[in-house]
Amino acid sequence: MKTHEQSSADRSSPTVPAIELQGLTRYFGAKPVVRDLDFRVPEGQVTALLGLNGAGKTTTIRILMGLLAPTRGKAITLGEDASRMSVSTRARIGYLVEGHFLYPSMRVRQCQDFQRAGYATWNNELFRDIVRHFGIDQDARVSTLSRGQRAGVSLALVLAPDPELLVLDDPALGLDPVSRRALNETLIEFAGGGKRTVILSTHLLDDVERIADRVAVMVGGRLKVDTMMDDFTDRVSLFAVHGDEFDASVVAAIPGLIEARKLGDRLQIAVADADEETLAAIDRLSGQPPERVDSTLGDAVLAYLTRERGDGSFFSTPVTSSSHRKNGAQR
Ligand SMILES: Nc1ncnc2c1ncn2[C@@H]1O[C@H](COP(=O)(O)OP(=O)(O)OP(=O)(O)O)[C@@H](O)[C@H]1O
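Criteria and cut-off values
Within each chain, residue numbers correspond to sequence positions counted from 1 in written order. Whole-chain, interface and lining totals are the exception, using all residues; otherwise, since this is a predicted model, local features are given only for residues with pLDDT of at least 70 and side-chain atom pairs are given and counted only at 80 or more. Buried Ala, Val, Leu, Ile, Met, Phe, Trp, Tyr and Cys residues whose C-beta atoms connect them within 7 Å together make up a nonpolar core. Three exposure classes are used, based on other C-beta atoms lying within 10 Å of a residue's own C-beta, which is placed from the backbone: buried for 20 or more, exposed for 12 or fewer, and partly exposed in between. Numbering of helices and strands runs from the N terminus, with a helix taken as a DSSP run of H or I at least four residues long and a strand as a DSSP run of E at least two residues long. By definition, residue pairs are in contact when their C-beta atoms, positioned from the backbone, come within 7 Å. Residues are counted as near a molecule or strand when the C-beta atom, derived from backbone positions, lies within 6 Å of that molecule or strand. Amino acid classes used here: Ala, Val, Leu, Ile, Met, Phe, Trp, Tyr, Cys and Pro are nonpolar; Asp, Glu, Lys and Arg are charged; the rest, including Gly, are polar. One bridge is not enough; two strands pair if DSSP finds at least two bridges between them. Every axis corresponds to a line fitted to the C-alpha atoms, with the helix fit spanning only the stretch in contact, and the corresponding angles, defined between N-to-C directions, vary from 0 to 180 degrees. UniProt positions are given in the numbering used here, feature names are shortened, and annotations may be inferred rather than shown by experiment.

1. Overview of the nonpolar core
Moving on, step 1. Membership of the largest hydrophobic core comes to 87 residues, with the highest contact counts inside it found for A156, V215, A216 and I269.
Moving on, step 2. When residues in this core are grouped by element, the largest group, seven residues, is from helix α5 (residues 147–159).
Moving on, step 3. Those residues in contact with V215, other than ones at most four positions away along the chain, are A48, L50, V208, V225, T227, M229 and F232.

And the structure:
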């Protein structure tokens, strides 16, 4: 698997990043929550920040927005140290968190009037189009809107000033499929094929596949993957091998093994950077050529995160094997 160190010479990384994290570290008490992050968010791309609950995504985002101080290292956002971000730089950033506050008694158009006062630039048409895209009447009161519609109003308020950089922390949390689609389409439109920079944290891997150019994965506060999205999916392959019993030691010896799961009468094997040696090793499991399974970004990321979390690997899934029992492989 390609790590962020290895991808530093990535073909598409421009020279000036929109965000640069340098040795960024944050403790809460004695607990390290963000650890030595060196990470560049390239301009003009949509970067998805992924990771299991508690991986440190929100903490990282709060630091790069200047809302939380790092314990060590620094975040440079639009060229400024985030911990001393000027008002003018902050105005160039759109920041949206789940549960963005809206006054319940206001009508949607009043929300716009209220917010617009604080910005030098404001695109009325963009606001109107986004609100409409979420099926919202501008005369409706916030208190009468659904969760998805409130998210739509929040997004419109954040995008209407036309920010250079958009930072979204789990924007699709709790949205129904229709609102999620409206969100995705709005983000694709906003990113405009390289005109603006977006970083978003999310757990919705299918959505990431639709909207992101780049994927970064955090595990236990560390950045483990930082690569173009296509590279990530290209490098992870899934294979299926049919049978009831598999030799765990043969499975363990597959070069590049990420994880193996027993699904019904087959073993599904995820591997990184499969080559001839990998195929031969999988072949040895059943004596038949392995069947390649189409995989999505979701499959690839899930397999990767499952291994990193240390569960769901073939040692802890119900792979029945006499040699497994004999050699005493541990969970
Ligand atoms: N203010 C705080 N005080 C103490 N611990 C905190 C604080 N904020 C976050 N943490 C801890 O830091 C860790 C990382 O939290 P963070 O919210 O950054 O993770 P996350 O990747 O965004 O998770 P999720 O996907 O659930 O939103 C968690 O263990 C969390 O409990």
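2. Regarding the site of the ligand
Moving on, step 1. Neighbouring the ligand are the residues F28, V33, G51, N53, G54, A55, G56, K57, T58, T59 and D170.
Moving on, step 2. With three residues, helix α1 (residues 57–64) is the single largest residue contributor to the shell around the ligand.
Moving on, step 3. Among the residues making up the shell around the ligand, the classes are represented as three nonpolar, six polar and two charged.

3. Observations regarding the environment of D170
Moving on, step 1. Mapping D170 onto the fold places it in the loop between β7 (165–169) and α6 (177–191).
Moving on, step 2. Judged by the 19 C-beta atoms lying within 10 Å of it, D170 is partly exposed.
Moving on, step 3. The spacing of D170 and T58 is 112 residues in sequence and 8.6 Å in space, taken between C-alpha atoms.

4. Concerning the sheet that holds β7
Moving on, step 1. An order of β6-β7-β8-β3-β9-β10 is seen for the six strands of this open sheet, with the pairing classed as mixed. Both outer strands of the open sheet, β6 (93–97) and β10 (222–228), are each paired with one neighbouring strand and no more. Direction aside, the axes of adjacent strands within the sheet are offset by 15° on average.

5. Comments concerning the UniProt feature "domain: ABC transporter" (unreviewed entry) in the protein
Moving on, step 1. Summarizing the sequence annotation, UniProt attributes the feature "domain: ABC transporter" (unreviewed entry) to residues 19–245 in the numbering used throughout.
Moving on, step 2. In the segment residues 19–245, helix accounts for 32% and strand for 31%; the C-alpha atoms at its two ends are 49 Å apart.

6. As for the environment of F114
Moving on, step 1. Inspection of the secondary structure puts F114 in helix α3 (residues 108–116).
Moving on, step 2. We classify F114 as partly exposed; it has 13 C-beta atoms within 10 Å.
Moving on, step 3. In this structure, the C-alpha to C-alpha distance between F114 and D231, residues 117 residues apart in sequence, is 44 Å.

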